[in-house]
Amino acid sequence: MLIASLLLAGCIPHSPPPKTGAAAPPVAQPESKVDQTGRRAGEIVTQPVRDVGVAATNIPPVLERASENPYNLDGLRACTELARAVTELSAVLGPDFIVGAKQQENSAGKFAEAGGQMVVNSLIPFRGLVREATGAAPAQRRLNTAIDAGFARRGFLRGIHQARGCRPPL
């Protein structure tokens, strides 16, 4: 029953993000609870395939570049170039922290996620060893490192954008 509900959650259609004007760069919109649940259900269901190395863990190019040097400013002279670079990172990382925003947790989604992970993780005996042997664990560590570099780069670029007095603020 739990797996069926997780699979169905991944099939719920979601609307595309709203169009923005050409004056300001698009801002990453927070995911709705339905979108979050669907995305996580898909990740959980495909986890065994990633664990045995059948599906590769790909690092987005913007995060690969951030991993090389998160504090590089080459080619980022104008405010619009800085804003574009932050927007590219936000498209991969999700929305940035917003001061004063209330965090809303999807309790039902988190409960279903925990149950789904428990079921999926029990399908592969000695999962940790399998992940190491197949290369899935090192690939996940490389992805996590790239994500960390992406967060560092986005924060750095936002700081440069603000220090230069660029408008509108990011």
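Residues numbered from 1 in each chain as written. Predicted model: local features only at pLDDT ≥ 70, side-chain atom pairs only at ≥ 80, totals over all residues. Heavy atoms only, no water.

Right, let's talk about the pattern of salt bridges for a bit. Any two side chains of opposite charge can pair, given that their charged atoms come close. Under the defined criterion, the tally for this structure stands at 4 salt bridges. Of the charged contacts, one joins R158 and D96 as a salt bridge, the two residues approaching to 2.5 Å between their closest N and O atoms. Linking R158 in helix α7 (residues 136-163) with D96 in the loop between α4 (79-93) and α5 (107-122), this pair joins segments that are 62 residues apart in sequence. A salt bridge links E132 to R141; the nearest nitrogen and oxygen atoms lie 2.9 Å apart. With relative accessibility at 42%, the residue E132 sits in the partly exposed group. Overlapping salt bridges, with partners in common, bring together D96, R154 and R158 in one network. (Salt bridge = Lys/Arg side-chain N within 4 Å of Asp/Glu carboxyl O. Helix = DSSP H or I, 4+ residues; strand = E, 2+ residues; numbered from the N terminus. Buried < 20%, exposed > 50% of the residue type's maximum accessible area, 1.4 Å probe, protein only.)

We now examine the environment of V86. Inspection of the secondary structure assignment puts V86 in helix α4. With relative accessibility at 5%, the residue V86 sits in the buried group. Sequence separation between V86 and G155 is 69 residues; the distance between their C-alpha atoms is 8.5 Å. In this structure V86 touches R154, L157, R158 and L170, once residues within four positions along its chain are discounted. (Contact = heavy atoms within 4.5 Å.)

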